[in-house]
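Notes for the structure review
Here are the chains, one letter per residue:
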There are 2 protein chains.
Amino acid sequence: MTGWVAVAGLGPGDEALVTPQVRAALDQATDVVGYIPYVARVAPRAGLVLHASDNRVELDRARLALDLARDGRRVVVVSSGDPGVFAMASALFEVVTDDAPDIRILPGITAMLAAAARLGAPLGHDFCAINLSDNLKPWPLIERRLRLAAQADFAMAFYNPRSKARPEGFARVLQILRDECGPERLISFARAVSTAQESLLTVTLAEATPQMADMRTVVIVGNSATRRAGRWVYTPRSAS
Amino acid sequence: MTGWVAVAGLGPGDEALVTPQVRAALDQATDVVGYIPYVARVAPRAGLVLHASDNRVELDRARLALDLARDGRRVVVVSSGDPGVFAMASALFEVVTDDAPDIRILPGITAMLAAAARLGAPLGHDFCAINLSDNLKPWPLIERRLRLAAQADFAMAFYNPRSKARPEGFARVLQILRDECGPERLISFARAVSTAQESLLTVTLAEATPQMADMRTVVIVGNSATRRAGRWVYTPRSAS
């Protein structure tokens, strides 16, 4: 048996957002490797070994997947959303070696695009995606990137906006955004999109509070042209 | 019959990347509206009316979809990729009125994420997406946004990099990138990803030429840490 590793995106939660390509890889797999809540989304079956691990052990998990595949196993590493956006694909390449088995990256619906779809079209013009976790980068870089993104008039999507470990960080983000974008700019909080716990909220930066976000929330800030249309929020395709 | 409009993303081309949610909407539709090559991807069947239109009539197309739904039709507006990324969702909200029918936006696999998956994980850290078409925005804004994005050290994905109508624009983009990022920065050209015509090329900015891109190409520029691992290109999750 020739082993392989597929790093697959399960999308934001709804099974109707899992691509047939990912479904086929899971059907062929002998092993599923991933963070506990993502592995829990894979239906158990005879012959399928589930390897669930805790957060912050991404490199160990990647090495396990490569080792299993070298032994001839067919391994799916599961990420939520898309595996290439703040997820497991980069971790795998950080530890890949010259004798690596066959590797495929299988895209998925990433959280910001699922959130944007539920909100309307807030990312309908040029935009950026920023991971606000400071586990993997220093705060001054986050601040510098936020200011430049605002000056470029990008719409912005934020992943990992707020955690118990750094409750003050997101308050600083909101203050920087108010400085750069003014109080009337629209900001949307999309929590647990596509699941039974989904909630959506759009306010102005003046009205936004840190408590509106948690680690299951994607935050989307409009550009200077972003507006409401009834219950929807969208960014026009044109810019002047 | 209660009409509705679903604006649906068909993904980059491979049918295995069309979500079950989009497939279900197409199965329920009475009408499909969209740009000619996207409508051509929908299988004809009895009772399904296909409304294919040319490029640059997005607002007319959006009005047609809303009018049909007001008459009780079940309408899917098809986009390639994701409908919220440089596609039909914003156009729909630009013309929506207070008496609008039920509207849903159904996300899809957008071209940059399909391209990133085939290349490795070049968008594995903070990144931005820029539409290089100057149909909808002035060139000075594109240039300013490119320079700020480079200074923010974003990885970058470019849609619509080059067309017959403006062959010189992408050469100017490459020159700006060399100025801001230096000659050794990696740039990838991913053409017709997930189709039989797919081609992938990664070079340095010094080696890049405008002819490497056309309108079927997504261009991805790495950040300062983007590197190769064998045939793959990836951006590490950490930044210093």
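Everything discussed here concerns the structure shown above.
For the structure given in this document, a descriptive report is provided here. Quantities reported herein were computed from a predicted structural model and do not represent experimental measurements.

Now for the pairing of strand S7 (residues 127-131) of chain A. In terms of residue burial, S7(A) counts as a mostly covered element, since 5 of its 5 residues are buried. Residue alternation in S7(A) divides its side chains into two sets, A:Phe127, A:Ala129 and A:Asn131 and A:Cys128 and A:Ile130, and both sets are buried. With 5 bridges connecting them, S7(A) and strand S8 (residues 155-159) of chain A associate as parallel partners. Note that in S8(A) the partner of A:Ile130 across the bridge is A:Phe158. Note that the unit made of S7(A), helix H6 (residues 139-151) of chain A and S8(A) has a crossover that is right-handed. In this sheet, strand S7 (residues 127-131) of chain B lies alongside S7(A) in antiparallel orientation, the contact comprising 3 bridges. Residue pairing across strands places A:Ala129 opposite B:Phe127, the latter belonging to S7(B).

This brings us to the pattern of salt bridges. All names here are of chain A. A full pass over the atoms with the stated rule returns 30 salt bridges over all chains. The residue Glu198 makes a salt bridge to Arg118 at a minimum N-O spacing of 2.7 Å. Of this pair, Glu198 sits in the loop between strand S9 (186-191) and strand S10 (199-204) while Arg118 sits in helix H5 (residues 111-119), and the two are 80 residues apart along the sequence. Taking the relative accessible area as the measure of exposure, Glu198 reaches 22% and is therefore partly exposed. Residue class for Arg118 comes out partly exposed when judged on its relative accessible area of 40%. Salt-bridge contacts for Arg147 lead to Glu143; the nearest nitrogen and oxygen are separated by 3.2 Å. Of the two residues, Arg147 and Glu143 are both situated in helix H6; the distance of 4 residues between them amounts to about one turn of the helix.

The next point concerns the packing of H6(A) against helix H6 (residues 139-151) of chain B. Running from amino to carboxyl end, H6(A) crosses H6(B) at an angle of 175°, the nearest separation of the two axes being 9 Å. Relative to H6(B), the element H6(A) lies roughly antiparallel. Counted together, A:Arg144, A:Leu148 and A:Gln151 of H6(A) and B:Arg144, B:Leu148 and B:Gln151 of H6(B) form the full contact between these two elements. For the contact of H6(A) with H6(B), the residue count by class is 2 nonpolar, 2 polar and 2 charged.

Residues and elements named next belong to chain B. In this structure, Val193 sits in the loop between strand S9 (186-191) and strand S10 (199-204). A relative accessible area of 9% places Val193 in the buried class. Sequence-wise, Val193 and Ala111 are 82 residues apart; in three dimensions their C-alpha atoms are separated by 7.5 Å. Contacts of Val193, omitting those with residues within four sequence positions, involve Pro12, Ala114, Ala115, Arg118, Glu198 and Leu200.

Residues and elements named next belong to chain A. Along helix H1 (residues 20-28), the positions that sit buried rather than exposed are Val22, Ala25 and Leu26. Each buried residue of H1 sits inside an arc of 100° when the element is viewed along its axis, so together they form one side. Those residues of H1 that are buried lie in contact with strand S1 (4-9), strand S2 (31-35), strand S4 (74-79) and strand S5 (102-106).

Quick look at the packing of aromatic side chains now. Applying the stated criterion across every chain yields a total of 13 aromatic pairs over all chains. Between A:Phe86 and B:Phe127, the aromatic rings sit 6.5 Å apart at their centres with planes inclined by 35°, giving tilted as the arrangement. You can see A:Phe86 sitting in the loop between S4 and helix H4 (88-95) and its partner B:Phe127 sitting in strand S7, one on each of two chains. For the pair formed by A:Phe86 and B:Phe127, the shared burial category is buried. Both rings, one in A:Phe170 and one in A:Phe189, keep their centres 6.3 Å apart while their planes meet at 85°; by these two values the pair is edge-to-face. One end of the pair, A:Phe170, is in helix H7 (residues 169-181); the other, A:Phe189, is in strand S9, with 19 residues separating them in the sequence. Taken as a pair, A:Phe170 and A:Phe189 share a single burial class, namely buried.

The two copies are related by a screw operation: chain B maps onto chain A through 180° of rotation and 0.0 Å of translation along the axis, at an RMSD of 0.0 Å. The superposition of one copy onto the other is thereby described by a two-fold rotation axis. Across chain B, the rotation axis passes nearest the C-alpha of B:Cys128, at a separation of 1.9 Å. Taken together, the interface assignments show that 100% of the residues at the interface of chain B recur at the interface of chain A, consistent with an identical surface on both copies.

Time to look at the sheet that holds strand S12 (residues 227-229) of chain B. Taken in spatial order, the 3 strands of this open sheet run S6-S13-S12 (chain B), and their pairing is mixed. Of all the strands in the sheet, the pair left with one neighbour each is strand S6 (120-121) and S12 of chain B.

What follows deals with the interface of chain B and chain A. Contact residues are listed per partner, giving 64 residues for chain B and 64 residues for chain A. In this assembly, chain B packs against chain A so that about 5300 Å² is buried in total across both faces, 63% of it on carbon and sulfur atoms. The largest contributions to the chain B side of the interface with chain A come from B:Phe93, B:Arg145 and B:Arg237, which together make up 15% of the buried area. Viewed at the interface, chain A and chain B are joined by 8 salt bridges. The salt bridge involving B:Arg237 is made with A:Glu58; its shortest N-O contact spans 3.7 Å. Taken together, chain B and chain A are joined by 22 residue pairs in polar contact (both at pLDDT 80 or more). With 6 residues, the top contributor of residues to the side of chain B that touches chain A is H6(B). Of the residues contributing to the side of chain B that touches chain A, the split by class is 38 nonpolar, 14 polar and 12 charged.

Thresholds, definitions, all that
Note that residues are indexed from 1 along each chain, following the sequence as it is written. Each chain is given a letter, starting from A, and each ligand a number, starting from 1, according to the order in which they appear as written. Totals for whole chains, interfaces and linings use all residues, but because this is a predicted model, local features are given only for residues with pLDDT of at least 70 and pairs of side-chain atoms are given and counted only at 80 or more. Values shown for side chains rest on all heavy atoms present in the structure; no hydrogens or waters enter the calculation. The buried label goes to any residue with under 20% of its type's maximum accessible area, the exposed label to any with over 50%, and the partly exposed label to all in between, with areas taken from a 1.4 Å probe on protein chains only. Segments assigned H or I by DSSP are reported as helices when at least four residues long, segments assigned E as strands when at least two residues long, and all are numbered from the N terminus. Each pair of strands is called paired provided DSSP finds at least two bridges between the two strands. Seen with the strands pointing away from the viewer, any crossover whose path from the first strand over the helix to the second strand runs clockwise is right-handed. Counted as salt bridges are all cases of a side-chain nitrogen of Lys or Arg within 4 Å of a carboxyl oxygen of Asp or Glu. Here an angle of 0 to 180 degrees is reported between the N-to-C directions of two axes, which are lines fitted to C-alpha atoms, with helices fitted over the stretch in contact. Here the angle decides the label: under 35 degrees means roughly parallel, over 145 means roughly antiparallel, 65 to 115 means roughly perpendicular, and every other value means oblique. Pairs of residues are marked as contacts when any of their non-hydrogen atoms sit within 4.5 Å. Gly falls in the polar group here, along with every residue not listed as nonpolar (Ala, Val, Leu, Ile, Met, Phe, Trp, Tyr, Cys, Pro) or charged (Asp, Glu, Lys, Arg). Directions are taken from the helix axis to each C-beta atom, and the arc is the one they span. Pairing of aromatic side chains requires ring centres within 6.5 Å, counting the rings of Phe and Tyr and the six-membered ring of Trp. Pairs whose planes differ by under 30 degrees are stacked, by over 60 edge-to-face, and all others tilted. Superposition of the copies used a least-squares fit over C-alpha atoms from residues whose pLDDT is at least 70 in both. Throughout, buried area stands for the accessible area (probe radius 1.4 Å) lost by two parts on being put together, summed over both. Any pair of N or O atoms that falls within 3.5 Å is considered a polar contact. Within protein, one atom must be able to donate a hydrogen and the other to accept it, and sequence-neighbouring residues count only if both atoms are side-chain atoms.

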